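A structural walkthrough
Here's the letter readout for the chains.
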Amino acid sequence: EADIYQTPRYLVIGTGKKITLECSQTMGHDKMYWYQQDPGMELHLIHYSYGVNSTEKGDLSSESTVSRIRTEHFPLTLESARPSHTSQYLCASSSPTRVYEQCFGPGTRLTVT
Amino acid sequence: AQSVTQPDIHITVSEGASLELRCNYSYGATPYLFWYVQSPGQGLQLLLKYFSGDTLVQGIKGFEAEFKRSQSSFNLRKPSVHWSDAAEYFCAVGGYGQNFVFGPGTRLSVLP
């Protein structure tokens, strides 16, 4: 059973607000990921991290930013939310010994009005 | 560039019937292939994976998949579907040092 948590699970917020989506894992995994998933669509990688103080942009350009100050924590921030940011955001992690097995959190469904 | 196609957007089967979900990939080297399942409102759960070796791989929940290099396919199968299998299924491809690319998903509905 994967131990990766995301909060909040659901968020409805107005345009222009700053938001932070939280992701934490208790497995000691080095690599962590953020994916964006629109309803009925595939997952697109927007950010990833190899470990503490490492952040990389993914395949899909995103206005969000991430930080990795602690191994277990990988928050995603939107400085000024817009309706185009409405989507589901999935966090994942993988261990150095099993890099090709990503464990996923339950996701945060974000709606920007 | 890596890519994954899942030709079937939505499949409906009767409970107890067999199931095959199709996945085709494009990848320049030896691919690592995965099937994930996503229940409504949930994250993704790994069903099975292929790295090398036996081309028929067994996964959880009674699923299996067969890697066919000549067809660039990695189809998912289950001999008898249960109502609880209704979900979204994603195929993904990756490689050594590469991030995953996911397919668009196939939504499975199960009739009682």
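Scroll up a little and you will see the structure.
An account of the accompanying structure is given in this report. Please read these numbers as outputs of a predicted model, since none were measured by experiment. (Residues numbered from 1 in each chain as written. Chains lettered and ligands numbered in written order. Predicted model: local features only at pLDDT ≥ 70, side-chain atom pairs only at ≥ 80, totals over all residues. Heavy atoms only, no water.)

**Some words on the interface of chain B and chain A**
Threshold: Should any heavy atoms of two residues lie within 4.5 Å, those residues are counted as being in contact. Joining two parts hides part of their accessible area as seen by a 1.4 Å probe, and the buried area is that hidden amount summed over both. Each salt bridge in this description consists of a side-chain nitrogen of Lys or Arg and a carboxyl oxygen of Asp or Glu lying within 4 Å of one another. In protein, a polar contact means a hydrogen-donor-capable atom and an acceptor-capable atom, both N or O and within 3.5 Å, with residues adjacent in sequence counting only if both atoms are side-chain atoms; elsewhere, any N or O pair within 3.5 Å suffices. A helix here means a DSSP run of H or I that spans at least four residues, while a strand means a run of E at least two residues long, and both kinds are numbered starting from the N terminus.
Each partner contributes residues to the interface: chain B has 21 residues there, and chain A has 21 residues. Here chain B meets chain A over a buried area of about 1,600 Å², counting both sides, of which 51% is carbon and sulfur. Of all residues in chain B, B:Asn99, B:Phe100 and B:Phe102 bury the most surface against chain A, accounting for 33% of the area lost on that side. Taken together, chain B and chain A are joined by one salt bridge. Here B:Lys49 ties to A:Glu101 by a salt bridge, and the two come within 2.8 Å at their closest N and O atoms. Across the contact surface, chain B and chain A share four residue pairs in polar contact (both at pLDDT 80 or more). Of all the secondary-structure elements, those providing two or more residues to the side of chain B that touches chain A are strand S5 (32-38) and strand S6 (44-50) of chain B. Per-element tally for the side of chain B that touches chain A: the top contributor is S5(B), with four residues.

**Digging into the packing of aromatic side chains**
So the rule is basically this: Whether two aromatic rings pair depends on their centres lying within 6.5 Å, for rings of Phe, Tyr and Trp, where Trp uses its six-membered ring; planes under 30 degrees apart make the pair stacked, over 60 edge-to-face, and the rest tilted. The classification of residues rests on relative accessible area computed with a 1.4 Å probe and restricted to protein chains. Under 20% of the type maximum is buried, over 50% is exposed, and intermediate values are partly exposed. Consider the ring centre and the ring normal. A charge sits over the ring if Lys NZ or Arg CZ is within 6 Å of that centre and within 35 degrees of that normal.
Taken as a whole and judged by the stated rule, the model has 17 aromatic pairs over all chains. An angle of 55° between the planes, with centres 6.5 Å apart, marks the rings of B:Tyr36 and B:Phe100 as tilted. Of this pair, B:Tyr36 sits in strand S5 while B:Phe100 is found in the loop between strand S10 (87-94) and strand S11 (101-102), placing the two residues 64 residues apart along the sequence. Overall, the relative accessible area of 3% leaves B:Phe100 in the buried class. Counting every residue linked through ring pairs, the aromatic cluster contains A:Tyr33, A:Tyr35, A:Phe104, B:Tyr32, B:Phe34, B:Tyr36, B:Phe51, B:Phe100 and B:Phe102. The ring of A:Phe74 has A:Arg68 sitting right over it, with the charged end atom 5.8 Å from the ring centre.

**What to know about the sheet that holds strand S7 (residues 65-66) of chain A**
Residue and element names in this part refer to chain A. Note the threshold: Any two strands between which DSSP finds at least two bridges are classified as paired.
Judged by pairing direction, the sheet is antiparallel, and its four strands sit side by side in the order S1-S3-S8-S7 without closing on themselves. Every other strand in the sheet has two partners, leaving strand S1 (4-7) and S7 as the edge strands with one partner each. Both strand S3 (residues 19-25) and strand S8 (residues 76-78) contribute to a ladder of three bridges, which runs antiparallel. Residue pairing for S8: Thr 20 is matched across the bridge by Thr 77.

**What about the state of the cysteines?**
Rules: Disulfides are defined in this document as cysteine sulfur pairs within 2.5 Å.
The final tally for this structure, using the stated rule, is two disulfides over all chains. There is a disulfide in this structure between A:Cys23 and A:Cys91, and the S-S distance comes to 1.9 Å. Here A:Cys23 and A:Cys91 share a disulfide; its torsion about the S-S bond, -75°, makes the bridge left-handed. In this pair, A:Cys23 sits in strand S3 while A:Cys91 sits in strand S9 (residues 87-94), placing the two residues 68 residues apart along the sequence. Disulfide pairing is shown between B:Cys23 and B:Cys91; the S-S distance is 2.0 Å. Its S-S torsion of approximately -65° makes the covalent link between B:Cys23 and B:Cys91 left-handed. Of the two residues, B:Cys23 sits in the loop between strand S3 (19-21) and strand S4 (24-26) while B:Cys91 sits in strand S10, which places them 68 residues apart along the sequence. Residue B:Cys91 is classed as buried on the basis of its relative accessible area, which comes to 0%.

**Things to note about the pairing of strand S5 (residues 43-49) of chain A**
All names here are of chain A. Summarising burial for S5: six of the seven residues are buried, a large majority. Note that strand S4 (residues 31-37) and S5 share six bridges and pair antiparallel. Residue pairing across strands places Tyr 35 opposite Leu 45, the latter belonging to S5. Hairpin connection, S4 to S5: the antiparallel pair is bridged by five residues, and Gly 40 has positive phi, about 70°. Relative to strand S6 (residues 56-57), S5 is paired through two bridges, and the arrangement is antiparallel. Paired with Tyr 48 across the bridge in S6 is Glu 56. In sequence, S5 turns back onto S6 through a hairpin of six residues, with Asn 53 there showing a positive phi of about 65°.

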